[in-house]
Amino acid sequence: MTPPRARPAPDRGPAESVEADRLRDLLRTPAYRKVLIFSALIGIPISLAAFWFLVGLHELEHVLWADVPKALGWDTPPAWWPLPLLSVAGVLVGLVVTRLPGSGGHVPAYGLHAGGPSAAALPGVVIAAAASLPLGAALGPEAPLIAFGGGLALLFRRLVRVPATPQSTALLGAAGAAAGIAAIFGNPLVAAVLLIEVAGVGGPQLFVVMLPALLSSGVGAVVFTGFGRWTGLETGSLSVHFPTPPPRLDTGDVVWSIVLAAGIGALVHLVITGGRLAAAFVADSPFVRTVICAVAAGGCAALYTVVTGRTPVEVASSGQASLAELAADPHAWSVGALLAVLLFKSAAYALCLGSLRGGLVFPVLFLGAAAGVLLAPLPGLGVIPGAAAGMAAAATAALRLPVSSVALVVLVLGNSETIPVVILAAVTAFVTAELLPPGPSPKPRRRRGKAPGGGLVRA
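Model, not experiment: these values are computed from the prediction.

Section: the overall build of the chain
In terms of helices and strands, the chain carries 16 helices and 2 strands. Burial statistics for the chain: of 459 residues in total, 52% are counted as buried. Once local pairs closer than 6 in sequence are excluded, the contacts in the chain between residues at least 24 apart make up 79%.

Below, the structure is given as structure tokens:
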């Protein structure tokens, strides 16, 4: 009896073979292995810096929106409370945009594709985020953390005098960004998947970029977890805990999730377009119009409280705490309150997207969950499937990163039963948003420089 012959290796095309050989050759180079080691090492200080940065933002927000109002005799902030805080935020961000390198980071209305990291922009990024997020901007911390981590990685490279090349800049920027946002979404895997799509690369080159990011992200998650337990301090992470287990999906959940996703995708696309219109409005006079938009966002929160009698924090915040409260007790929100928070928070979100500094993810997840809970009484649609589909649709329409949105919502919800409606909602919302007319493109940034005659010119 003749022994069975081994199966021949599958044939590979010339291009695939060349790319695979190139990847292996790159992994064998000392320079790339040094990048991996450096990525692991910088993950520790960057994660610690991001940890304290988030702790500072969290504590300052708690002081401004809980401790100070209670010291003045209010259980919750009064309706007018967001107006002075967001006025200060507008002034500070306006000064950063007009005076400091990097303009405090990219304008959030244009997504997470923020361009290359920069060490010179670090002071502006930190100040703009500290002025925006604790003072009531309807934005999240993820975009500043990406810029913060990437900028710190390049700063550390400069301090240890590592030679700068375009490839090392891209690799270390991705690694630093991953370390910075390793734990803010509650799972380092989300950070890695998010950066995969933000990078927009594929094939073997994808692994070249993502290996340092994954390594640094894992180190960052360990630091966040261990250091947080040791100090007892909180940074705040995105997680949702429904009081009841998710039901088994039926036909109604699946059908309604598709219909719901198409509607939410279209509405979120309009909100993002509104944010880009606000950004175009601000670009013509950055300081004055940043203040105007910030005050208008505060007015949205004030009107919400006047109309509903609820706290303005539900509008003037990232939505992280409100999302947890909504999930814990969805029935505590009346139909009127859900409609009002969707209207006023969407308006404040659009204004902040175009003027202040922060991220898109946290507020849009809350908006999607609120829309899903509002529509949950539809025949055959449950609260948890509705919220899951709403979150996936809203995140995908805002970010245009479908895989990241699915991974984020699944891990935030912490269950596998809703994965089908999450995927269907994400795909439906992505297709819907892509088929709609795009919003305005960003205007070129104004740069200051010396004119030949000694005066200032703007390009």
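Quick notes on the packing of helix α9 (residues 251-283) against helix α10 (residues 286-308)
Two elements in contact, α9 and α10, have axes separated by 7 Å at closest approach and are oriented at 140°. In this view, α9 runs oblique relative to α10, as classed from their interaxial angle. In this structure, α9 uses F281, V282 and A283 to contact α10, whose residues at the interface are P286, R289, T290 and C293.

Side note on the confidence of the model for the chain
Mean pLDDT over the chain stands at 81; residues scoring 70 or higher make up 76%. With pLDDT under 50 throughout, residues 447-459 is counted as low confidence; its partners more than four residues away or in other chains account for 15 contacts.

Re a nonpolar patch on the surface
A cluster of nonpolar side chains, contributed by V88, V91, L92, L95, F281, F287, V288 and I292, occupies part of the molecular surface with about 600 Å² of accessible area. Put simply, the parts of the chain that give the nonpolar patch at least two residues each are α3 (82-99) and α10. The element that contributes the greatest number of residues to the nonpolar patch is α3, accounting for 4 residues. Structurally, the position occupied by L95 is in helix α3. Under the relative-accessibility criterion, L95 is labelled partly exposed at 37%.

Some words on the packing of α3 against α10
Between α3 and α10, the shortest axis-to-axis distance is 8 Å and the interhelical angle comes to 155°. Here α10 runs roughly antiparallel to α3, going by the angle between their axes. For the element pair α3 and α10, the recorded crossing hand is right-handed. Contacts between α3 and α10 pair P82, L83, L86, S87, G90, V91, V93, G94, L95, V97 and T98 from the former with P286, F287, T290, V291, A294, V295, A297, G298, G299, A301 and A302 from the latter. Grouping the amino acids of the contact of α3 with α10 by side-chain chemistry returns 15 nonpolar, 7 polar and no charged.

Remarks on the pattern of salt bridges
By the definition in use, this model includes 3 salt bridges. Here D284 ties to R289 by a salt bridge, and the two come within 3.8 Å at their closest N and O atoms. Note on D284: relative accessible area 39%, which makes it partly exposed. Look at R289 and you get partly exposed, because its relative accessible area is 25%. For the salt bridge of E434 with R400, the shortest nitrogen-to-oxygen distance reads 3.1 Å. Linking E434 in helix α16 (residues 419-435) with R400 in the loop between α14 (383-399) and α15 (402-413), this pair joins segments that are 34 residues apart in sequence.

Side note on the environment of S118
Its location among the elements puts S118 in the loop between α3 and α4 (122-132). When the C-alpha atoms of S118 and G173 are compared, they prove to be 8.6 Å apart, with 55 residues separating the residues in sequence.

Details of the side chain of S317
With respect to the helices and strands, the residue S317 is situated in the loop between α10 and α11 (320-328). Here the side chain of S317 touches V313 through a polar contact of 2.6 Å, landing on its backbone oxygen. Not counting residues within four places of it along the chain, the set of residues in contact with S317 comprises E61, G136, A137, A138, L139, S322 and K345.

Let's talk about the packing of aromatic side chains
Throughout the structure, instances matching the rule amount to 7 aromatic pairs. Measuring from centroid to centroid gives 5.1 Å for F53 and F148, while their planes differ by 20°, and the two rings are stacked. Of this pair, F53 sits in helix α2 (residues 30-71) while F148 is found in helix α5 (residues 142-159), placing the two residues 95 residues apart along the sequence. There is no split in this pair, since F53 and F148 are both buried. In this arrangement the basic side chain of R310 is found over the ring face of W333, its NZ or CZ atom lying 4.0 Å from the centre.

With respect to unusual backbone geometry
Leaving glycine aside, a negative phi is the common case for residues, and trans is the common case for peptide bonds. Backbone geometry places S103, a non-glycine residue, at a positive phi of 55°. The class of S103 is buried, set by a relative accessible area of 16%. The phi angle at R400 is positive, at roughly 60°, despite the residue not being glycine. Taking the relative accessible area as the measure of exposure, R400 reaches 26% and is therefore partly exposed.

Basis of the calculations
Starting from 1, residues in each chain are numbered consecutively following that chain's sequence as written. Reporting in this predicted model follows two pLDDT cut-offs: at least 70 for local features of residues, and 80 or more for side-chain atom pairs to be given and counted; totals over whole chains, interfaces and linings ignore these cut-offs and use all residues. Where side-chain values are given, they derive from all heavy atoms of the structure, hydrogens and water being excluded. Under the scheme used here, helices are H or I runs from DSSP no shorter than 4 residues and strands are E runs no shorter than 2 residues, and both carry numbers assigned from the N terminus. Only protein chains enter the accessibility calculation, which uses a 1.4 Å probe. A residue is then buried if its area is under 20% of the maximum for its type, exposed if over 50%, and partly exposed in between. Any two residues having at least one pair of non-hydrogen atoms within 4.5 Å are treated as being in contact. Lines fitted to C-alpha atoms define the axes here, with helix axes fitted over just the stretch in contact, and angles between the N-to-C directions of these axes take values from 0 to 180 degrees. Just so you know how the angles are binned, under 35 degrees is roughly parallel, over 145 roughly antiparallel, 65 to 115 roughly perpendicular, and the rest oblique. pLDDT measures the predictor's confidence residue by residue and takes values from 0 up to 100. For patch detection, residues must exceed 30% relative accessible area and be free of salt bridges, and they are connected within 9 Å for like charges or within 5 Å for nonpolar side chains (Val, Leu, Ile, Met, Phe, Trp, Tyr). Method for areas: the Shrake-Rupley scheme with a 1.4 Å probe, in which residue coverage is limited to the protein chains shown. Salt bridge, as applied in this entry: a Lys or Arg side-chain nitrogen positioned within 4 Å of an Asp or Glu carboxyl oxygen. A crossing counts as left-handed when the near helix is turned anticlockwise from the far one by less than a right angle, and as right-handed when that turn is clockwise. We call Asp, Glu, Lys and Arg charged. Ala, Val, Leu, Ile, Met, Phe, Trp, Tyr, Cys and Pro are nonpolar, and the rest, Gly among them, are polar. Any N or O atom pair separated by 3.5 Å or less is treated as a polar contact, with the protein-specific requirement of one donor-capable and one acceptor-capable atom, and with residues adjacent in sequence counted only for side-chain atom pairs. Pairing of aromatic rings covers Phe, Tyr and Trp, the last through its six-membered ring, and needs centres within 6.5 Å; plane angles under 30 degrees mean stacked, over 60 mean edge-to-face, and all others mean tilted. Look at NZ for Lys and CZ for Arg. If either is within 6 Å of the ring centre and within 35 degrees of the ring normal, a charge sits over the ring.

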